[in-house]
Amino acid sequence: MDSSRYAVYAFCALMIICVVVIEHAFMTDDFSIAVVASHSSIDTPNFYKFTAMWSSQQGSLLLWAFILSIVSTIALAATRHKLRDLVPWATAVMMGVGIFFTGLMLFGDGVNPFDTLDPVPVDGSGLNPLLQHPSMIIHPPMLYTGYVSLTVPFAFAIGALISRRVDAAWVKSTRGFALIAWTFLSIGIILGARWSYTELGWGGYWAWDPVENASMMPWLITTAYIHSIMVQEKRGMLKVWNASLIVASFSLALLGTFLVRSGVLESIHAFGDSTVGPYFLALIGVVVIGSTWLIISRLDILRSERRIDSLASREAVFLINNLLLIALCAIVFWGTFFPLISEFLTGNRSTLAAPWFDRYTTPVAIVLVLFTGIGPMMSWRRISWQGAKRVFTLPLIVAAIAFLVLLLFTDAADSIWALVTFTLAAFTVSALIQETWRAAAARKRGAGGSMPAAIWSNAVRNRRRYGGYVVHLGLIVLLVGVAASSSFETKEDVKLKPGETAQVDDYSVTYVAPTVSRNDQALVFGVDLDIRRNGKQFAELHPTRQYHQVTQGTRSIASHFDGEATSEVGLRAGMRTDFWVAVEPNTTEFVRRAKLADTLFAAYMREKVLPVVRKDPSKAEEISIAALDLMDRTTDKLIDRYVADSPALPVTLRVIVSPLVTWIWIGAIIAILGALFAAWPSGLFKRRKST
């Protein structure tokens with residue numbers, strides 16, 4: 001056992017060396033390494049050079065193995081003096097996954113991050129412009145850390161089943177990793193939503209894209225697992241359920257990785273067609289089939305010692321919560337893979353759009369909000385009628401008042417789903433506050449001091465409970481933001497010429513002037529907008545559309561429009577409302593002139609310049625610099641012509657007025673802080689014993 005643990009430590013050290021070597025290659029522009037040449041360039045900013053590793057197929061596999069080596073090392077270091085009968089099996093499972101990823105990089109077709117090129121290119125292709133955004137760069141490692149951290153509780157669950165040690169010991173030893181996995185999945189998901197909202201230019205934060213859904217599914221099942229393991233710890237129940245949930249969470253994490261790697265479903269997040277898809281399917285098959293067989297073969301020792309005594313109990317509410325979360329996951333799973341299912345059954349690939357997902361997930365999510373508030377107020381085993389009246393009266397009164405206020409004084413009545421969500425949110429928040437206040441009041445009576453001190457003392461003594469309260473509060477705030485922004489959003493596409501004004505909701509949008517600029521990587525077309533609300537100055541926004549030059553092939557002006565195009569939206573965010581605008585410039589005439597200029601430039605180079613270079617090769621570099629300077633000056637003249645013609649060229653603006661979007665990000669931050677508080681090692685809050 002000691003030898004195997006040291007081997008895991010060594011694996012971690014070697015993976016660190018691999019990452020250091022590849023990062024050094026990126027930072028020093030070592031284009032002899034294929035992944036550096038295809039995902040970086042001399043002009044790429046250093047921050048994006050450093051993070052470009054995981055933008056590639058090869059680098060993301062290396063990142064998976066790297067994170068796995070770290071979490072495995074931490075898990076074995078934390079359990080080096082306990083669970084000695086199941087740790088060897090858990091070690092074998094974790095390193096079996098490690099063998100899969102390192103073996104895939106070594107022997108897979110075209111996925112070795114250290115493959116080299118000969119001859120070595122002078123410059124690289126550069127990083128995909130869509131990925132040159134801070135949220136998107138941080139998003140993959142956060143999501144991967146969540147995926148990979150699920151390996152630890154999965155491995156210990158398999159070890160417990162093999163060694164027939166199915167008590168709560170393995171749950172207690174690995175619940176921190178489940179919380180960490182949930183936290184990092186949450187961070188990854190919300191960063192992806194923020195990137196979508198500010199970078200893609202379509203106006204939303206969640207599109208039910210297959211890869212988005214792939215990250216949500218393990219998050220939902222991990223949420224269910226975190227709740228149900230408390231029942232196993234308290235009552236010795238749901239052993240089969242918990243083992244099944246962690247197997248499902250890990251399998252869905254692998255499935256999410258498969259969707260990004262295989263290109264089997266169309267997604268803006270996917271790497272496209274790849275040779276590693278079949279290997280991932282094989283691994284998922286081994287995990288699902290092997291784990292299912294193992295659970296079935298251990299049913300005799302997995303049976304619970306106790307039963308649920310009453311539906312009016314905390315364990316019953318937790319079970320209902322789990323069923324709702326699994327129902328949400330099942331809906332998302334069906335909608336995500338429906339194209340493959342329909343193709344298999346009918347021969348035609350059909351997709352289910354966002355309205356389908358909204359129609360079926362919204363009712364389940366609303367019921368989940370209700371039970372999020374009910375759970376903390378219930379006691380274990382059963383709650384008496386007197387106890388129920390005592391804990392439910394105030395939240396029900398608050399919910400009734402909130403319902404009447406919303407109905408009479410707001411537009412919430414226009415959307416029944418939003419009205420119900422806001423009402424249940426009021427119920428849940430008041431329930432959480434009531435439980436926190438009552439516990440603090442009891443402590444204050446016993447120990448004295450102030451209420452804030454009593455609340456903090458209770459929270460420190462029971463981090464999981466109060467961290468969970470904060471997580472629930474954050475998720476309620478987030479769902480209120482989702483309900484408001486999706487139900488009461490105003491979205492309009494308007495065409496304007498300079499000097500013209502359009503009215504959108506309470507806002508007047510005036511197109512002041514066009515802006516065009518160029519840099520080494522892109523042509524940037526934008527507009528200056530003056531936004532007024534009820535006649536008063538509200539904001540000055542400058543949305544742009546960037547056309548990135550194709551880095552491979554012959555450089556030309558028109559090649560900017562053959563590469564990626566990205567949007568930088570104009571955004572005025574507020575606690576009540578977000579005003580969001582993206583621009584689609586009219587570049588038709590610019591592109592026509594650019595192609596004509598490129599044709600003339602190519603003829604000039606062919607007839608005038610190349611003969612000189614053939615006669616005197618020593619002038620090649622000087623002429624090349626002069627040619628590039630000529631192209632830049634030509635581009636500047638085209639820009640000036642575009643600005644001069646702008647009064648006759650309308651641009652298309654997508655304008656969105658969306659309420660309470662900011663509360664989505666605030667709610668996510670609250671939930672993540674609560675999860676970190678719940679997962680924080682308890683020893684860090686305790687005073688050291690004097691010796």
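Just so we're clear, the structure is a prediction, and the values are computed from it rather than from any experiment.

## Section: the overall build of the chain
- Secondary structure assignment for the chain yields 21 helices and 10 strands.
- Projecting the C-alpha coordinates of the chain onto the three principal axes gives extents of approximately 95 × 70 × 65 Å.
- Taking all 691 residues of the chain together, 53% fall into the buried category.
- Within the chain, residue pairs in contact and separated by at least 24 positions form 74% of the contacts whose partners lie at least 6 positions apart.
- For the chain, the accessible area works out to roughly 32000 Å², and carbon and sulfur atoms hold 62% of it.

## What to know about helix H7 (residues 151–163)
- Between its terminal C-alpha atoms H7 stretches 18 Å, which fits the 18 Å expected from 13 residues at 1.5 Å a residue.
- Where burial is concerned, most of H7 is hidden: 11 out of the 13 residues are buried.
- When we look at burial in H7, the residues that qualify are Thr151, Val152, Pro153, Phe154, Ala155, Phe156, Ala157, Ile158, Gly159, Ala160 and Leu161.
- Immediately beyond the C-terminal end of H7, within one or two residues, lies Arg164, with a positive phi of roughly 60°.

## Here's the deal with the nonpolar core
- Grouped together as the largest cluster of nonpolar side chains are 141 residues, with contacts concentrated most on Trp64, Phe156 and Trp170.
- Per-element accounting of this core gives the leading share, 14 residues, to helix H8 (residues 169–199).
- Setting aside chain neighbours within four positions, we find Trp170 in contact with Leu83, Leu86, Pro153, Phe156, Ala157, Ala160, Arg165, Tyr225, Gln232 and Ile246.
- In this structure, Tyr507, Val527, Val655 and Val657 belong to the second largest nonpolar core, which totals 20 residues.

## A look at the pairing of strand S3 (residues 507–518)
- The pairing of strand S2 (residues 501–504) with S3 spans four bridges and is classified as antiparallel. Bridged to Gln503 within S3 is Ser508.
- The hairpin formed by S2 and S3 contains two residues between the paired strands, and Asp505 there has a positive phi angle of roughly 60°.
- Pairing between S3 and strand S4 (residues 522–533): 11 bridges, direction antiparallel. In the strand pairing of S4, Ser508 is matched with Arg532.

## Some remarks on the confidence of the model for the chain
- Per-residue confidence for the chain averages 85 on the pLDDT scale, and 93% of its residues sit at or above 70.
- Across residues 268–272, confidence stays below pLDDT 50; counting only partners more than four residues off in sequence or on other chains, it has 23 contacts.

## Structural notes on the sheet that holds strand S10 (residues 651–659)
- Read across the open sheet, the four strands follow the order S1-S10-S9-S8; overall the sheet is antiparallel. Two strands in the sheet have a free side with no partner beyond their single neighbour: strand S1 (490–496) and strand S8 (570–572). For this sheet the average axis-to-axis angle between neighbouring strands, irrespective of direction, equals 15°.
- One ladder, built from seven bridges, connects S1 with S10; its direction is antiparallel. Each bridged residue has a counterpart across the sheet, and for Asp493 the counterpart in S10 is Arg654.

## As for a nonpolar patch on the surface
- Taken together, the side chains of Ile397, Ile401, Phe403, Leu404, Val405, Leu407, Leu408 and Phe409 make up a nonpolar region of the molecular surface, amounting to roughly 790 Å² of accessible area.
- Here Val405 shows up in helix H15 (residues 385–409).
- Overall, Val405 belongs to the partly exposed group, its relative accessible area being 41%.

## Section: the state of the cysteines
- With the rule as written, the count across this model stands at zero disulfides.
- Between Cys12, a cysteine without a disulfide, and Cys18, which holds the nearest cysteine sulfur, the sulfur-to-sulfur distance is 11 Å.

## Thoughts on the pairing of S4
- Buried residues dominate S4, accounting for nine of its 12 residues.
- Note that S4 and strand S6 (residues 544–548) share five bridges and pair antiparallel. Residue Leu523 lies in a different strand from S6, and its bridge partner there is Tyr547.
- In this structure, S4 lies alongside strand S5 (residues 536–541), joined through five bridges in antiparallel fashion. By the bridge assignment, Asp530 is partnered in S5 with Glu540.

## Digging into the packing of aromatic side chains
- Applying the stated rule across the entire model yields 31 aromatic pairs.
- With 5.7 Å between their ring centres and 85° between their planes, Phe525 and Tyr547 make a pair best called edge-to-face. Placement of Phe525 in strand S4 and of Tyr547 in strand S6 is noted, with a sequence separation of 22 residues between them.
- By relative accessible area, which is 0% here, Phe525 ends up buried.
- Exposure remark for Tyr547: the relative accessible area of 8% places this residue in the buried category.

The rules behind the values
- Residues numbered from 1 in each chain as written.
- Predicted model: local features only at pLDDT ≥ 70, side-chain atom pairs only at ≥ 80, totals over all residues.
- Heavy atoms only, no water.
- Helix = DSSP H or I, 4+ residues; strand = E, 2+ residues; numbered from the N terminus.
- Buried < 20%, exposed > 50% of the residue type's maximum accessible area, 1.4 Å probe, protein only.
- Contact = heavy atoms within 4.5 Å.
- Areas by Shrake-Rupley, 256 points an atom, 1.4 Å probe, with all protein chains shown as cover.
- Expected span 1.5 Å × (residues − 1).
- Core = buried A, V, L, I, M, F, W, Y, C linked by side-chain atoms within 4.5 Å.
- Pairing = 2+ DSSP bridges.
- pLDDT = per-residue confidence, 0-100.
- Axes fitted to C-alpha atoms, helices over the stretch in contact; angles between N-to-C directions.
- Patch = residues over 30% accessible without salt bridge, like charges linked within 9 Å, V, L, I, M, F, W, Y side chains within 5 Å.
- Salt bridge = Lys/Arg side-chain N within 4 Å of Asp/Glu carboxyl O.
- Disulfide = S-S within 2.5 Å.
- Phe/Tyr/Trp six-rings, centres within 6.5 Å; stacked < 30°, edge-to-face > 60°.

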